[in-house]
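# Survey of secondary and tertiary structure
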Amino acid sequence: MLIKIINSLLILFVVYMGFKQGWAMLTGKPEMLNMFGKWHFSNRGIFIFGIVTLLSAVLILFPQTFVFGNFLMATTILFIICLQLSVRDLKGAAIEVPFFLMNLVIIYLQYPLQNQTK
């Protein structure tokens, strides 16, 4: 029971962060434009990346798309880690690693509100 509560809290946090970061990309917040600008992303590219981030957060909420949503979010985070490393920003990459690992842990712990019939 405790693991389901912890997993639920992790999911809520990941979804919140997905919405927060995705919305920041969609609305063109200066910090997002600055971060993606160093990788030569256009405003349209940042906008599309924001849509993908928001979509992954929404997909995590439903049991049918839970794994795909987590996989999609983990993929976008891994992509950002690779971009950070491509410009030799170890601190930026290190900041993303816990968020990447959270998605993997959530996938491992599975959807918390589904009946377990094993």
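Now for a look at the structure at hand. (Residues numbered from 1 in each chain as written. Predicted model: local features only at pLDDT ≥ 70, side-chain atom pairs only at ≥ 80, totals over all residues. Heavy atoms only, no water.)

Mapped onto the elements, phenylalanine 62 comes out in the loop between helix 3 (43-60) and helix 4 (66-86). Linking phenylalanine 62 and phenylalanine 19, residues 43 residues apart in sequence, is a C-alpha distance of 15 Å. (Helix = DSSP H or I, 4+ residues; strand = E, 2+ residues; numbered from the N terminus.)

Before going further, it helps to spend a moment on helix 1 (residues 2-26). For helix 1, which comprises 25 residues, the first-to-last C-alpha distance of 36 Å matches the rise-based estimate of 36 Å (1.5 Å per residue) to within 8%. When we look at burial in helix 1, the residues that qualify are Asn7, Ile11, Val14, Val15, Met17, Gly18, Gly22, Ala24 and Met25. Where helix 1 is buried, its residues meet helix 2 (30-37), helix 3, helix 4 and helix 5 (90-109). Positive phi shows up at glycine 28, right after helix 1, with a value of about 70°. (Expected span 1.5 Å × (residues − 1). Buried < 20%, exposed > 50% of the residue type's maximum accessible area, 1.4 Å probe, protein only. Contact = heavy atoms within 4.5 Å.)

Time to look at the nonpolar core. The biggest cluster of nonpolar side chains holds 15 residues, and the ones touching the most others in it are Ile11, Val14, Ile60, Phe66 and Met73. Among the secondary structure elements, those contributing two or more residues to this core are helix 1, helix 3, helix 4 and helix 5. It is helix 4 that provides the largest number of residues to this core, a total of 5 residues. When sequence neighbours within four positions are dropped, the list of residues in contact with valine 14 reads Ile60, Met73, Met102, Asn103 and Ile106. In terms of nonpolar packing, the next biggest core, distinct from the first, is built from 10 residues, Met25, Met35, Ile46 and Ile80 among them. (Core = buried A, V, L, I, M, F, W, Y, C linked by side-chain atoms within 4.5 Å.)

Quick look at the packing of helix 1 against helix 3 now. Running from N to C, helix 1 and helix 3 point in directions that differ by 160°, and their axes come no closer than 8 Å. Accordingly, the angle class assigned to the pair helix 1 and helix 3 is roughly antiparallel. Of the two elements, helix 1 crosses helix 3, and the hand of that crossing is left-handed. Contacts from Ile11, Val14, Val15, Gly18, Phe19, Gly22, Trp23, Met25 and Leu26 of helix 1 reach helix 3 at Ile46, Phe47, Phe49, Gly50, Ile51, Thr53, Leu54, Ala57, Val58 and Ile60. Taken together, the residues that form the contact of helix 1 with helix 3 break down as 15 nonpolar, 4 polar and no charged. (Axes fitted to C-alpha atoms, helices over the stretch in contact; angles between N-to-C directions. Parallel < 35°, antiparallel > 145°, perpendicular 65-115°, else oblique. Left-handed = near helix turned anticlockwise from the far one by under 90°. Nonpolar A, V, L, I, M, F, W, Y, C, P; charged D, E, K, R; others polar.)

With that settled, the discussion passes to helix 3. With 18 residues, helix 3 should cover 26 Å at 1.5 Å per step; its first-to-last C-alpha distance of 26 Å lies within 8% of that length. Turning to helix 3, its buried residues number three or more, namely Ile46, Phe49, Gly50, Thr53, Leu54, Ser56, Ala57, Leu59 and Ile60.

The next point concerns the layout of surface pockets. Quantified by volume, the largest pocket comes out at close to 330 Å³. Those elements giving two or more residues to the lining of the largest pocket turn out to be helix 1, helix 2, helix 3, helix 4 and helix 5. In terms of residue count, helix 1 provides more of the lining of the largest pocket than any other element does, 6 residues in total. Among the residues forming the lining of the largest pocket, the class breakdown is 12 nonpolar, 5 polar and 1 charged. (1 Å grid on protein atoms, 1.4 Å probe; cavity = no way out; pocket = protein on both sides within 12 Å on 5 of 7 lines; lining within 4 Å. Points joined across faces, edges and corners; volume = space filled by probe spheres on them.)

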